[in-house]
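This is what each chain is made of:
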Amino acid sequence: MKSGPFDQYPTGLGFSYFYGFLAGETSQYNPRLYENTNPIEPPRKPEEGYHLTEDMADQAIKLIRANRALTPDRPFFIYFAPGGAHGPHHVHKEWADKYKGKFDMGWEKLRNITFEKQKAMGWIPNSTKLTPIDPTMVKWEEIPEEQRAFQLRLMEVYAGYLEHTDTQDGKVVEELERQGLFNNTLIIYVLGDNGASAEGIHGTIDELLAENALPSTYQQQMEVLNRDFGGLDALGSQHVDKMYHSSWAWALDTPFKSTKLVAAHFGGMRTPMVMSWPKAKKWKKGSTEKVIKHDPTPRSQFHHVCDIAPTIYEAVGVQFPTRVEGAKQMPLDGVSMVYTWNNVSVKERKSAQYFEVMGSRGVYKDGWFASVFGPRIPWAEANETRMREWNPDTDVWELYDLTRDFSQAEDLAKEMPDQVAKMKQIFLMEATANKVLLSQMLLDFIADRTPSPPLMWRFQPTRVEFSIAWVVQLEAFQFTWTMAICMLSTCRPYCTATSPNPRLPCSLEPERSR
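Reading the values: the criteria
- Residues numbered from 1 in each chain as written.
- Predicted model: local features only at pLDDT ≥ 70, side-chain atom pairs only at ≥ 80, totals over all residues.
- Heavy atoms only, no water.
- Pairing = 2+ DSSP bridges.
- Helix = DSSP H or I, 4+ residues; strand = E, 2+ residues; numbered from the N terminus.
- Axes fitted to C-alpha atoms, helices over the stretch in contact; angles between N-to-C directions.
- Contact = heavy atoms within 4.5 Å.
- Parallel < 35°, antiparallel > 145°, perpendicular 65-115°, else oblique.
- Nonpolar A, V, L, I, M, F, W, Y, C, P; charged D, E, K, R; others polar.
- Salt bridge = Lys/Arg side-chain N within 4 Å of Asp/Glu carboxyl O.
- Buried < 20%, exposed > 50% of the residue type's maximum accessible area, 1.4 Å probe, protein only.
- Expected span 1.5 Å × (residues − 1).
- Arc of directions from axis to C-beta.

K.L.:
Give me the sheet that holds strand 12 (residues 368-372): which residues, what numbers.
P.N.:
The strand order across the open sheet formed by four strands is 10-11-12-13, and the pairing between neighbours is antiparallel. Of all the strands in the sheet, just strand 10 (352-357) and strand 13 (398-401) have a single pairing partner and so form its edges. Between one strand axis and the next, the sheet turns by 15 degrees as a mean value, whatever way the strands run. Looking at chain direction, strand 11 (residues 360-365) and strand 12 are connected through five bridges and run antiparallel. The residue bridging Arg-361 from the neighbouring strand is Val-372, located in strand 12. Across the sheet, helix 10 (residues 417-433) is in contact with strand 10, strand 11, strand 12 and strand 13; its angle to strand 11 comes to roughly 105 degrees.

K.L.:
Explain the packing of helix 1 (residues 52-70) against helix 4 (residues 148-178) to me, and be specific about the residues and the numbers.
P.N.:
Taken N-terminus to C-terminus, the directions of helix 1 and helix 4 make an angle of 10 degrees; their axes are 9 Å apart at the nearest point. With respect to helix 4, the element helix 1 is oriented roughly parallel. Where helix 1 approaches helix 4, its residues Thr-53, Glu-54, Ala-57, Asp-58, Ala-60, Ile-61, Ile-64 and Arg-65 are matched on the opposing element by His-164, Thr-165, Gln-168, Lys-171, Val-172, Glu-175, Leu-176 and Arg-178. Class assignment for the residues of the contact of helix 1 with helix 4 results in six nonpolar, four polar and six charged.

K.L.:
Give me the environment of Ala-280: which residues, what numbers.
P.N.:
With respect to the helices, strands and loops of the structure, Ala-280 is situated in strand 6 (residues 280-284). When the C-alpha atoms of Ala-280 and Lys-290 are compared, they prove to be 6.3 Å apart, with ten residues separating the residues in sequence.

K.L.:
Talk me through the pairing of strand 10; I want residue IDs and the actual numbers.
P.N.:
Bridge count for strand 10 against strand 11 is six bridges, and the pairing is antiparallel. Paired with Gln-353 across the strands is Tyr-364, a residue of strand 11.

K.L.:
I'd like a rundown of the pattern of salt bridges, residues and numbers included.
P.N.:
Two side chains of opposite charge can pair, provided their charged atoms sit close to one another. Evaluated as defined, the whole model comprises 20 salt bridges. One salt bridge in this structure joins Arg-227 and Asp-228, with 3.0 Å as the shortest N-O distance. A residue is classified by how much of its surface remains accessible, and Arg-227, at 46% relative accessible area, is partly exposed. Within this structure, Lys-93, Asp-97, Lys-100, Arg-153 and Glu-156 form a network of salt bridges that share partners.

K.L.:
Describe helix 3 (residues 107-121), and please don't skip the residues or the numbers.
P.N.:
Structural remark: α-helix, 3.6 residues per turn; residues separated by three or four positions point the same way. When the terminal C-alpha atoms of helix 3 are compared, their 21 Å separation across 15 residues agrees well with the 21 Å that a helix rising 1.5 Å per residue should span. Buried within helix 3 are the following residues: Trp-107, Leu-110, Arg-111, Phe-115 and Gln-118. Each buried residue of helix 3 lies within a common arc of 140 degrees when the element is viewed along its axis, so the set occupies one face. Set apart from the buried face of helix 3 by more than 90 degrees, the exposed residues are Lys-109, Lys-117 and Ala-120. Elements that come into contact with the buried residues of helix 3 comprise helix 4 and helix 7 (246-252).

So this is what it looks like as structure tokens:
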């Protein structure tokens with residue numbers, strides 16, 4: 001089934017060819033694939049060893065080879081954005097097995113080890129302080145001994161998935177080297193789109209259970225794994241959509257506080273980026289020139305993802321258009337990072353940058369960062385009261401001097417109220433300019449959409465024609481409803497068209513009362 005309009009598909013936004021998935025995530029074994037605007041089936045089945053990230057790397061390599069064969073004088077632009085290591089964490093068992101025993105020390109000790117390695121590598125300043133675990137987070141010692149194998153395997157699968165993804169990235173780079181293109185190719189490698197995710201809460205075999213506040217115990221989940229899928233070895237397979245414990249996310253965000261979905265702390269949003277362009281032909285004055293001279297020093301200048309496009313434009317000498325096909329264009333956000341390539345200590349050119357997600361917010365200005373945690377604790381199950389009682393006008397602001405405090409370890413808000421007031425005004429200006437201020441209507445919507453926890457539930461798989469979805473029947477208090485929670489592809493909320501799907505075995509089927 002195919003229907004338009006297609007103006008918001010990648011091919012309607014400037015790309016000449018698209019291969020991949022359109023939603024926030026999809027199965028690595030049974031993906032909902034699109035080629036240009038056409039829905040297609042994967043070229044192989046999971047039983048034949050298919051994996052989407054490998055498929056996408058192969059497709060990128062084909063594009064590189066086609067360019068060299070057909071139009072070798074024409075430059076190309078590839079946006080390679082695999083699903084890994086976003087959920088679902090799908091990777092073949094041999095990759096996960098490589099990490100058996102690597103995390104047995106637990107998340108606090110893993111964080112300490114990571115912190116020392118970061119300093120030894122020069123990746124973070126020696127003056128950086130390691131921030132402590134949040135009081136609302138679970139400590140490793142609080143995990144019962146009988147549950148630790150489950151928690152460890154969740155992390156082992158993720159680590160294998162991450163290495164597997166990195167390996168596919170490497171295949172694309174190796175193809176550039178084989179074709180003699182590596183030196184004259186600008187590569188911008190961004191490790192991820194945000195900090196590590198705490199959405200698995202206590203660790204789950206299906207992320208939707210945690211994200212929809214469906215009560216499920218370790219015993220229930222292990223019952224399903226052992227009964228239907230062969231135990232812990234099923235983690236990482238096509239049968240489950242596992243997510244590690246939220247405290248593993250905290251460890252992965254070393255040395256910062258918080259996790260994904262928090263705009264107040266860098267644990268939620270700071271990710272590594274690497275740029276490479278060893279030698280360009282005819283970049284300046286018609287001669288071969290070293291563009292980015294390799295050095296091991298991380299750049300300290302503050303930049304954001306919106307700075308990538310201006311960097312590419314400056315690098316290739318493209319002037320951003322004021323009009324396209326007669327339509328006036330919005331001003332280009334961001335500041336080019338070219339000036340940092342060969343000057344480690346050059347003065348920063350980015351002045352201000354705002355951040356916001358679900359009411360959590362922050363703003364950067366000339367080395368200062370002010371922020372508000374917001375109404376939602378991503379690693380906590382019960383957010384109903386916080387969401388209903390939240391008033392942005394009474395939020396408590398934090399203040400950090402990033403020139404001295406890399407990890408946001410020292411909140412200076414009480415000591416410097418005037419600076420806080422100044423930063424709050426800067427946030428209002430940036431948020432207004434970028435249309436991100438919360439309206440009262442949205443606040444009312446958030447309050448109304450915070451449901452009471454369901455008392456009973458039944459989890460059964462179904463399939464609709466245009467996505468993979470699960471139907472969850474919830475019974476709570478005086479109401480009963482059925483909703484299709486769309487997963488792994490795009491879907492409209494509350495769609496009810498369902499049919500048996502042999503590729504998705506039943507995931508969870510217990511019923512219980514609270």
